[in-house]
Structure formats: C-alpha cells, structure tokens
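Close look at the chain arrangement
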Amino acid sequence: MKRITSICAGIILLLASCTTLPATDEPYRPAYHFTPASGWMNDPNGMVYVDGEYHLFYQYNPADIVWGPMHWGHAVSTDLMHWTHLPVALYPDSLGTIFSGSAVIDKENTAGFGANALVAIFTSAGKSQTQSIAYSTDRGRTFTKYAGNPVLTDSVPDFRDPKVFWYEPLKRWTMILAVGQEMRIYSSPDLKAWTYRSSFGAGQGAHGGVWECPDLFELPGEGTDETRWVLLCNLNPGGPFGGSGTQYFTGTFDGNSFTNEAPGEVTKWMDWGKDNYATVTWSNAPRQRRIALGWMSNWQYADKVPTQHFRSANTVPRDLSLYRRADGGIYLQSAPSSELFALRGKAKKQAAITVDRTYNVGELLADTDGVYELEMTLTDLTAEVAGFALFNDGGDRVDCYYNQMERALYFDRTKSGPTAFSPDFPAVTSAPVEQGDTLSLRLLVDRASIELFINGGREVMTNLVFPAVPYNRISFYAKGGTFNVSSTLYPYKP
Ligand code: FRU
C-alpha cells in the first residue's frame, strides 16, 4: 500500500512538473525577469538575435526543480522583456546531455547547412565533455544535430561552454572554451574543423574554482575611437562573496590570442552581489549593442531556494560599455537595457528630504505587490554612513548603506526573510563606489530579488531575497552627519 501511494505521489509530481504554469502562480514568481514556466533552469545559452527576435536558450531540466539531465529550453522575445516559451530545442542524445554553449547566424553558409542557418554550438556531456553543433533553418523552431558530432574533443575533464563568433579580419570563426582554470581559443573556417590557437588564464584574475561560460567581444573604447576586447570569465566557486561569480578582463585580441592589458591588477567583478552567474552576451544584436544576461542564482544554494514549481530566474538584460576610473583603469559598465523603461507604471515622486538619523517615508512603497523600480539620488553627503532599509510589517528587511570613508556600498540580506534553507544564504555584500558628489541608485525589486545599479551601472549588486510578504516600506537613516535624498518609484506595468 505504502509503495502504491508513493508511486501515485511520484506520478502526480511528474505531471505537475510538466504542466505549463501561469506567470503569477506563486509568491516568488518574478515579473521583470525571465523564468521557465516549470522545472529547473541554470545558465542562459545560445543567445542570438535574428529576424526581429531575441532567442534565449537555457540549461533546463524539465522534469524536476533541481539540476538533472540538461536540455536547452527555449524562449523568444521582440523586446527583451516579454518572452514566449517555445518547446525544448535540444534533447540529450547518445553523446550526452546538452551543456552550455552559444549560437551564431551563418550568413555565408560556411558550414553548408544553408545561408543564414542558426547554428548552436554546445557541450555534449557524456563520458567526457566534447563540443557538438546543431542547426536550424526555421528560425530556431526545430534543430538538426550534425551527423559528424562531436566536432572538438580532448581528454581534459572540464572542457566546455563554447562561445563562438565570426572574426572578420581573418574571415573565420573563433571559439573561446572553458578548460579547467583557463580559457582556450580555437578557430575554424566552417564550424566543424577546429584548430587550437592559444590559452589564457595562468596567473590572471581569480582562480578560486573552475572557469566556466566564457565570452569574448569588442567594445568601443572609452572617450576615444579605439576599441577594446573584453573577456568574461565565470568561475565557481571563488566568487566575490563565496560560490559563483563573474570576473572580466579587458585587453586586445588579434584573432589568435587575448592579451590582458592590466595583468596583476585587482580582480574585476562584473557584479558585486551573490546572484549573478554564467553571464554571457547576445550574438548579432542590432546596432552593435552588447547585451548581457546572467543566471540570477548561486551554485551554493540554487537548488534550495523556496520556489515551488520552478527554480531560477535570469537577471534583467544589461547593455555593456566601458568607462575609465579616476585610477586610469578601464572597467565595464552594465546598465539595464532601455527596453525596461516600457515596464514603468505611473511615477510616484518623493521630493528631496534631508536625512538626519532616521526618516520613515510612509507611502512610497504602498500597493506595489513587491514589484517595482526605485530610483534615488543622494547628495550633500556629510554622513559617515548614509543608508536606507526596505522592510515589511513582519520584520523582514534589507539594509543598504554607503560608507563614505570606505567608499563602499553594502547590501545586508541577513534579515531579509527566510534564509535558513542554506548557511551560505545570509550575507552582506559590498561594492566599491567611486568618489563623487552624488550617488545615484536604481533598484529593481522583483518579489524574490533586488538588482542594485550604482551610478548608471558602473557597479551592480544582484541579490536574491525571499521576504514573507513584499517589502512595502522604506526608511532612510544617517550616522555621523546628514545627506539629502530624492526618490522616484515606478510600479511594474506589464
Ligand atoms: C555553469 C555550468 C556550465 C555547464 C552547465 C551545466 O553553471 O556548470 O559550466 O555547462 O552549468 O548545466
């Protein structure tokens, strides 16, 4: 009897996990952010823009809400904000499950699959990790795996996550691949035959864990017409606050190897929170845009967070550019993509106030249902510490405070709501802030996450939070001085 009951429970669970669920089916289902309808998601994969559509593929286990046999899930959007779920694009096969990778548009038909074929390049994770390709000639709706797979093999155990792009000066494809704790570069005339060119990584940046999910792209240089290459390197563990994190390097690329322009410098982190990982960018985006997307979680606790039918959301898309800091170094700026403005409801403005000790702003966050954008500008800072708390009546709170002496912005989620599901979850994260007269903050609060963009995205902090009910109140506080703050709230508009 006991056995029959557990079989029935298993079947019900399986059916439940296969059902497509509406977007607001549970308290922690976000609104601004992409989530799978049900099942487990990790890394964004194969992001490519073509024929007016942004394609988003992703690491997907449709049968459970924990990691398992990996497929490529699929969704499309015309505006990066509203997504249509499509059937699974790639299923496991005899070479293995389908790990992370990228996609390109083969304009010149170099591979022979047809002009403008959408070609996915991914890791087949079987007995060993090898690289395979699949193509679609119907706008990504169906894929055919190449009969000659795998196209790249090696005996190294961690050999994965190919990011491929066309390198015009040498008229050939380039692949950057994560191999142990380095990135390897290969090239190919046809996406099928690959030649090793170089390795990057020894003695460079953070090495607290294995390197994964690389990206390599060119961006306009800051203030001049020269360009720079940016190498994104996700690593796990070894992130800035434990577990997963994304570091980057800036420098040059000659078609064969990448050179870091500032070796030995401090590690450059793309995000100073705990929940931004596997960040990669869209291929073929219009108007030379370089749009990044991360998986908004951390391998430390991704399979323990208290969502019910799905696990994990992505970050919001972020447009990347370069800027120079006062110290002369070149850094990456990640601004929320401008499409996000269309999701702003009617603005509620709070005129400037002077904060001396604690100041409660009663109504600012009322009626938002835990989904809102909050902009604030802090000026005339004499306070040693200038902070604010988002909180609810149940005592859940997130504290953000700027320490002027340290020039650091802190985010404390130790009392943010239920945190006991993992000892690694309660945390205080911090980001360096450049000296300036004003501090501009833009927060995206979305039921179970807060993305904090500092000074237009010069620094970003992404952290998950699970308040029992939405944070619907805010208070500002100052220690050792005063500051002025004005704020605008935009409730989410679908
Ligand atoms: C990164 C990662 C990748 C791998 C995928 C498997 O989060 O470990 O290196 O391809 O997840 O799901």
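Residues numbered from 1 in each chain as written. Predicted model: local features only at pLDDT ≥ 70, side-chain atom pairs only at ≥ 80, totals over all residues. Heavy atoms only, no water.

Observations concerning the overall build of the protein
Defined as follows: The way it works is that DSSP assigns letters per residue, a run of H or I at least four long becomes a helix, a run of E at least two long becomes a strand, and they are numbered from the N terminus. This radius of gyration counts C-alpha atoms alone. The globule rule is 2.2 Å times how many residues there are, raised to the power 0.38. Relative accessible area decides the class of each residue, using a 1.4 Å probe on protein chains only: under 20% of the type maximum gives buried, over 50% gives exposed, and in between gives partly exposed. Here a residue-residue contact requires only that any non-hydrogen atoms of the pair lie within 4.5 Å. Each accessible area is a Shrake-Rupley estimate made with a 1.4 Å probe; only the visible protein chains count as cover when residues are assessed. Here Asp and Glu are counted as negative and Lys and Arg as positive; His is not counted, and neither are the chain ends. To locate a charge, take atom NZ for lysine, CZ for arginine, CG for aspartate or CD for glutamate.
Looking only at helices and strands, one finds one helix and 34 strands in the protein. Relative to its length of 494 residues, the protein is compact, with a C-alpha radius of gyration of 23 Å against a globular reference of 23 Å. Expressed as a percentage of its 494 residues, the buried residues of the protein come to 59%. For the protein, the share of sequence-separated contacts (at least 6 apart) that also reach a separation of at least 24 residues comes to 60%. Accessible surface computed for the protein: about 19400 Å², of which carbon and sulfur atoms make up 53%. Counting 41 positive and 51 negative side-chain charges, the protein places the centres of these two groups 3 Å from one another.

Regarding the state of the cysteines
The condition that has to hold: Criterion for a disulfide: a pair of cysteine sulfur atoms at a distance within 2.5 Å.
Scanning the entire structure with this criterion turns up zero disulfides. In this structure Cys233 is a free cysteine whose sulfur lies 9.8 Å from that of Cys213, the closest cysteine sulfur available.

Details of the sheet that holds strand β32 (residues 459–464)
The line we're drawing: Paired strands, in this sense, are two strands between which DSSP finds at least two bridges. Every axis in this analysis is a line fitted to C-alpha atoms, fitted for helices over the stretch in contact. Angles between the N-to-C directions lie between 0 and 180 degrees.
The sheet built from six strands is open, its strands ordered β23-β34-β25-β30-β31-β32 with antiparallel pairing. Looking along the sheet, the strands with just one partner apiece sit at the ends: β23 (348–355) and β32. Strand-to-strand, the axes of this sheet are offset by a mean angle of 15°, without reference to chain direction. As paired strands, strand β31 (residues 449–454) and β32 are joined by six bridges and run antiparallel to one another. Its bridge partner lying in β32, Ser449 is registered against Leu464.

Focus: empty space enclosed by the protein
Where we set the bar: Here a cavity means grid points, on a 1 Å grid over the protein atoms only, where a 1.4 Å probe fits yet cannot get out; a pocket means an open set of points with protein on both sides within 12 Å along at least five of seven lines; lining residues are those with an atom within 4 Å of a point. Grid points are joined across faces, edges and corners, and a volume is the space filled by probe spheres set on the points. Polar here means any residue outside two lists: the nonpolar Ala, Val, Leu, Ile, Met, Phe, Trp, Tyr, Cys and Pro, and the charged Asp, Glu, Lys and Arg; Gly therefore counts as polar.
Tallied over the full model, the rule gives eight cavities of 30 Å³ or more. There is about 130 Å³ of room inside the largest cavity. Along the walls of the largest cavity sit 15 residues, with Phe310, Ser312, Ala313, Ala448 and Leu464 positioned nearest its centre. By residue class, the composition of the lining of the largest cavity is 10 nonpolar, four polar and one charged. In terms of lining residues, the second largest cavity is bounded by 14 residues, among which Pro44, Gly101, Ser102, Pro162 and Val280 are the most central. For the lining of the second largest cavity, the secondary structure elements donating two or more residues are β1 (39–50), β5 (97–106), β9 (159–167), β13 (210–220) and β18 (277–281). Split into classes, the residues belonging to the lining of the second largest cavity amount to six nonpolar, six polar and two charged.

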